Amino acid sequence: MKNIVILISGRGSNMEAVVRALDAEHWPARIAAVISNKPDAAGLAFAASRGIPTAVVANKAFATRAAFDAALQETIDRFAPDLVVLAGFMRILTAPFVEHYADRMLNIHPSLLPLFPGLHTHEAALAAGHAEHGATVHFVTPELDHGPVVAQARIPVHPGDTPDLLAQRLLTEEHKLYPYAIRLFVEDRLIIEQGDVRILEASSI
Ligand code: GRF
């Protein structure tokens, strides 16, 4: 049984999708905690309603990024995580923090990485005139929105699309993609080889 700790900053709809999939599909895992850097993150209420322990480590209370990351790490580690899941967690993390969770921290990013790291990805995809947009689940490495890619979801860009429309349509796909990728992790089906992810067939375990 693997322990998953999920970090959020806001709405938490990806966290919710993961919680629902884990319950419905009986993964060999449990959500050990949902932790937010924002006391008012909407997703905390959903987690609490499912009986999941919640915690807040407010970044505003810390003078430096390093101090915040140290406090966050201490809180996360109380829940003995096998996997840390960033789900709309809007903080840039320090290298020591990322290295502490090397090969056991995943992020979902709303673009087809390596395209458009950082913020405003829907605007960027539209501005580039791309016919396709998407989302990426990747292992977290010290460089922002880089790291071995586990899986991607693609959506077409339609004429007349706005950043909001794209974001909405992509979110529906994220809610399938992230549970899929996390389930692969908890089933020990992800192998990182020279910076690439290999997915083991279910039957080869
Ligand atoms: C998602 O679009 C995710 O890709 C990005 O932040 C957003 C979080 O949404 N990293 P939610 O909090 O999961 O609803």
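Okay, so let's go over this structure. (Residues numbered from 1 in each chain as written. Predicted model: local features only at pLDDT ≥ 70, side-chain atom pairs only at ≥ 80, totals over all residues. Heavy atoms only, no water.)

**A closer look at the side chain of lysine 2**
1) Next: Mapping lysine 2 onto the fold places it in strand S1 (residues 2-8).
2) Next: The class for lysine 2 is buried, based on a relative accessible area of 17%.
3) Next: Here valine 186 takes part through its backbone oxygen, which lies 3.5 Å from a polar atom of the side chain of lysine 2.
4) Next: Within the structure, lysine 2 has its side chain in polar contact with the side chain of aspartate 188 (distance 2.9 Å).
5) Next: Apart from residues lying up to four places away in sequence, lysine 2 is in contact with Pro28, Ala29, Arg30, Asp82, Phe185, Val186 and Asp188. (Helix = DSSP H or I, 4+ residues; strand = E, 2+ residues; numbered from the N terminus. Buried < 20%, exposed > 50% of the residue type's maximum accessible area, 1.4 Å probe, protein only. Polar contact = N/O pair within 3.5 Å; in protein donor to acceptor, adjacent residues only side chain to side chain. Contact = heavy atoms within 4.5 Å.)

**What to know about the site of the ligand**
1) Next: Close to the ligand lie Arg11, Gly12, Ser13, Asn14, Gly88, Ile108, Pro110 and Glu174.
2) Next: Taking arginine 11, its side chain carries an N or O atom lying 2.5 Å from an oxygen atom of the ligand.
3) Next: One of the backbone nitrogen or oxygen atoms of asparagine 14 is found 2.9 Å away from an oxygen atom of the ligand.
4) Next: Calculation on the ligand without its partners gives an accessible area of 370 Å², and the protein chains cover 85% of this total.
5) Next: More than half of the atoms belonging to the ligand lie within 2 Å of the grid points that define the largest pocket.
6) Next: A per-class count over the shell around the ligand returns 2 nonpolar, 4 polar and 2 charged. (Near = heavy atom within 4 Å. Areas by Shrake-Rupley, 256 points an atom, 1.4 Å probe, with all protein chains shown as cover. 1 Å grid on protein atoms, 1.4 Å probe; cavity = no way out; pocket = protein on both sides within 12 Å on 5 of 7 lines; lining within 4 Å. Sits in = over half its atoms within 2 Å of the grid points. Nonpolar A, V, L, I, M, F, W, Y, C, P; charged D, E, K, R; others polar.)

**Some words on helix H3 (residues 65-77)**
1) Next: Taking 1.5 Å per residue as the helical rise, H3 with its 13 residues ought to reach 18 Å, and the 18 Å between its terminal C-alpha atoms agrees with that figure.
2) Next: Phe68, Asp69, Ala71, Leu72, Thr75 and Ile76 are the residues of H3 that are buried. The buried residues of H3 all sit within an arc of 165 degrees when viewed along its axis, so they share a single face.
3) Next: Looking at the packing, one finds that the buried side of H3 touches S1, strand S2 (29-36), strand S3 (54-56), strand S4 (83-86) and helix H4 (95-100). (Expected span 1.5 Å × (residues − 1). Arc of directions from axis to C-beta.)

**Quick look at helix H6 (residues 163-186)**
Every α-helical turn comprises 3.6 residues, leaving residues that sit three or four positions apart pointing alike.
1) Next: Helix length check: H6 (24 residues) gives 33 Å between terminal C-alpha atoms against 34 Å at 1.5 Å per residue, within 8%.
2) Next: Backbone geometry just downstream of H6 places aspartate 188 in the positive-phi region, at approximately 60 degrees.

**Topic: the environment of aspartate 40**
1) Next: The residue aspartate 40 is located in the loop between S2 and helix H2 (43-49) in this model.
2) Next: Between the C-alpha atoms of aspartate 40 and asparagine 3, which are 37 residues apart in sequence, the distance is 25 Å.

Just geometry here; none of it tells us what the structure is for.
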